[in-house]
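Commentary on secondary and tertiary structure
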Amino acid sequence: MNIKKYTALTAALVLAFSAVSCGKSNDSSAQTSSYSEKIEVIDSSADSDKNSAYNSVEELNGEEGELEWFSYYDLNPTRSQPERSTSLALFENKGGKIIYAQTSSMKKYDDLAARLMADDPPDMFAYEQKMTFPANCVKEMFQPIEDAIDLDDPLWADVKATADDFTLGGKHYVLPIAYGALSVMTYNKTVIEAEGFDDPYDLYMAGEWDWNSWYDLMEEYCEGAPADEERYGINGWFAPFIFQSTGKTLINYDAENDEYTANLFDPDLERAANLLYDIQKKGYYYSDWVGSATEAFKKKILFYAMGDWAVTPKEGDNWGIVPMPKDPNVDEQYTTVSINAYMWVRGSEKAKAYRVWNECSKLAQDDPEYKEIGKKKFFENKPYFTDEMYQIVYEEVISDHFIKLNDPGYGISTALSDDDAATNPSKEAIIPFMYSSVMKSDDSGKQYTWSKLRETYKSTIDSELAQFNESYHKFIAE
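Residues numbered from 1 in each chain as written. Predicted model: local features only at pLDDT ≥ 70, side-chain atom pairs only at ≥ 80, totals over all residues. Heavy atoms only, no water.

Focus: the overall build of the protein chain
Within the protein chain, the regular secondary structure consists of 18 helices and 17 strands. With 478 residues in all, the protein chain has 53% of them scored as buried. Long-range contacts, defined here as pairs at least 24 residues apart, represent 77% of the contacts in the protein chain between residues at least 6 apart. Total accessible area on the protein chain stands at roughly 21,500 Å², and carbon and sulfur atoms take up 46% of it. (Helix = DSSP H or I, 4+ residues; strand = E, 2+ residues; numbered from the N terminus. Buried < 20%, exposed > 50% of the residue type's maximum accessible area, 1.4 Å probe, protein only. Contact = heavy atoms within 4.5 Å. Areas by Shrake-Rupley, 256 points an atom, 1.4 Å probe, with all protein chains shown as cover.)

This is the structure:
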């Protein structure tokens, strides 16, 4: 197959993990989509020297190549996203077909459970950080991938370590296709220069971008404000990443005892909580929702922490991006990332098609020419995004320079992990709430302390973990 022949159809290629953000939630019950878009048929001729990995992917025939994708967004072309992805083009060239069965973002697990109860399983379901693993694996919504995927294949060498974090009873459930930066810090270089500050990007490249240098910049900026100007150091989504930069998470998997445990009294996590508490107490944190970097800078906010979707510079903007600052007390750099992966639904018998889909998706992600097509399209959509910014967001944060953490606290139980079921004012489950809550206040207006939060939630966390571990041990014993 000659990659050049795909250029016209893959011009809209974006990184594979962005698919979720393009999907539209629908509150209707699960249904099969009948919408189709006329797409040019791709030439399937092969260039065996250049594409031996793709040529080694098995061919599919007829119904064996059909995979039912159960989701609230379609992998096929749609009216809003009319161009076929490279992954789908490669899969269809092998005789595969994706059949979209629609659910909603709020009801996806309930609808999937109903399908399973009716003995009518779909084949694939998206991995999402919250509740997919381990909770809904223990509830037997998904099956291990070993019967379909050879994890010793060189194709998976660069993601095998992450896949090993998603095992139950020695079996793998999540196979990463691609990683994405969940949040980065954007700043206005013009402001940095005007204040005479060191550029955060230069600090990062020199290995000096850590909690201390980040805090110092915010302090200097805020404390140096003219009398008639209100300044802030930070806004957005960053608190969990400060905790996780310690290399620790609020919930651990204890391999020795094969159970999940709380880590609330870890001194490193307490250091992170104290830093965030101080940032809020000093007034450096702008707590209201801000929907874009442009809006943040208008409000005199020095750093805007958010995913790339909220960062669209315009002509004349002079912006920079850095990863989350590292913990100065540790040598390594840690982060949590988004993971694009396709869960294999329990009861699906489409092992071959599931394997071929994953292989095509990984090859589409890895091939340099496909990457270049995606990068070209990205800059067509965001022409004032600099190469430096692109490198940080799409290369650096997901590179081996960072140790990728899996935080099991996001997937233990409804009370601990499921924001959709949360009843508190901020609509956050307990674990997500605790990561950011020292920057919030109680009903009386008093800022939460880490010790108070531990006291408030420890018994609930311990109880939820005990119940989950009981279910988990029963599950692996069967």
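Examining empty space enclosed by the protein
The gaps left among the atoms become clear once a water-sized probe is rolled over them. As enumerated under the stated definition, the model contains 1 cavity of 30 Å³ or more in all. Here the largest cavity defines a volume of roughly 90 Å³. What lines the largest cavity is a set of 14 residues, among which Pro323, Met324, Tyr334, Thr335 and Phe402 lie closest to the centre. Looking at side-chain class alone, the lining of the largest cavity contains 9 nonpolar, 4 polar and 1 charged residues. (1 Å grid on protein atoms, 1.4 Å probe; cavity = no way out; pocket = protein on both sides within 12 Å on 5 of 7 lines; lining within 4 Å. Points joined across faces, edges and corners; volume = space filled by probe spheres on them. Nonpolar A, V, L, I, M, F, W, Y, C, P; charged D, E, K, R; others polar.)

Points about unusual backbone geometry
Along the chain, Phe133 connects to Pro134 via a cis peptide bond; the corresponding omega equals 0°. Residue placement: Pro134 occurs in the loop between strand 4 (124-126) and helix 5 (135-138). In this structure, Asp119 is a non-glycine residue whose phi angle is positive, near 55°. Its location among the elements puts Asp119 in the loop between helix 4 (108-117) and strand 4. The phi angle at Asp258 is positive, at roughly 50°, despite the residue not being glycine.

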